[in-house]
Amino acid sequence: MTFAGSDHIDHVRTRMYYAGTVFCVTTAVFLLHGFTSITPLVLLPVGQGVLCSLVYVFSEGDTAQKHPVKPGTTQLPLRKTAEDD
């Protein structure tokens, strides 16, 4: 991080959300395995699917929050137009 010129605390702060999500899903899958004795060969793909789904949902929510859709349009503009000024 020294070579990139970024602050260590800023880097940690931006990665906390990813680490927290993985921690929660891992804990849930571990507890599910402990209480039900389902084989890890089944739970591993389930955990990966849950993580992929959460990343998709969170990224869609973040995009919608940062770039709200204007009334009367159906999708986000790909580039800035003269109307946006």
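None of the values given here were measured: they were computed from a predicted structure.

Caption draft 1: Main features of the overall build of the chain. In terms of regular secondary structure, the chain is built from 2 helices and 0 strands. Entry remark: accessible area of the chain is about 7,600 Å², with carbon and sulfur atoms responsible for 68%.

Caption draft 2: View of a nonpolar patch on the surface. A contiguous nonpolar surface patch, about 350 Å² in accessible area, is contributed by L32, I38, V42, V46 and V50. Ranked by residues supplied to the nonpolar patch, first place goes to helix α2 (residues 40-66) with 3 residues. Tracing the backbone shows L32 in helix α1 (residues 8-36). For L32, a relative accessible area of 38% gives the class partly exposed.

Caption draft 3: Local environment of unusual backbone geometry. Even without being a glycine, S37 presents a positive backbone phi close to 60 degrees. Relative to the helices and strands, S37 is located in the loop between α1 and α2.

Caption draft 4: Representation of α1. Helix length check: α1 (29 residues) gives 41 Å between terminal C-alpha atoms against 42 Å at 1.5 Å per residue, within 8%. The sharpest bend along α1 reaches about 40 degrees and sits at R15. Immediately beyond the C-terminal end of α1, within one or two residues, lies S37, with a positive phi of roughly 60 degrees.

Caption draft 5: Expanded view of the environment of L51. For L51, the location among the structural elements is in helix α2. In this structure, the C-alpha to C-alpha distance between L51 and V22, residues 29 residues apart in sequence, is 7.1 Å. Apart from the residues within four sequence positions on either side, L51 is in contact with T21, V22 and V25.

About the criteria used
- Residues numbered from 1 in each chain as written.
- Predicted model: local features only at pLDDT ≥ 70, side-chain atom pairs only at ≥ 80, totals over all residues.
- Heavy atoms only, no water.
- Helix = DSSP H or I, 4+ residues; strand = E, 2+ residues; numbered from the N terminus.
- Areas by Shrake-Rupley, 256 points an atom, 1.4 Å probe, with all protein chains shown as cover.
- Patch = residues over 30% accessible without salt bridge, like charges linked within 9 Å, V, L, I, M, F, W, Y side chains within 5 Å.
- Salt bridge = Lys/Arg side-chain N within 4 Å of Asp/Glu carboxyl O.
- Buried < 20%, exposed > 50% of the residue type's maximum accessible area, 1.4 Å probe, protein only.
- Expected span 1.5 Å × (residues − 1).
- Bend = angle between axes of the 7 residues up to and from the residue.
- Contact = heavy atoms within 4.5 Å.

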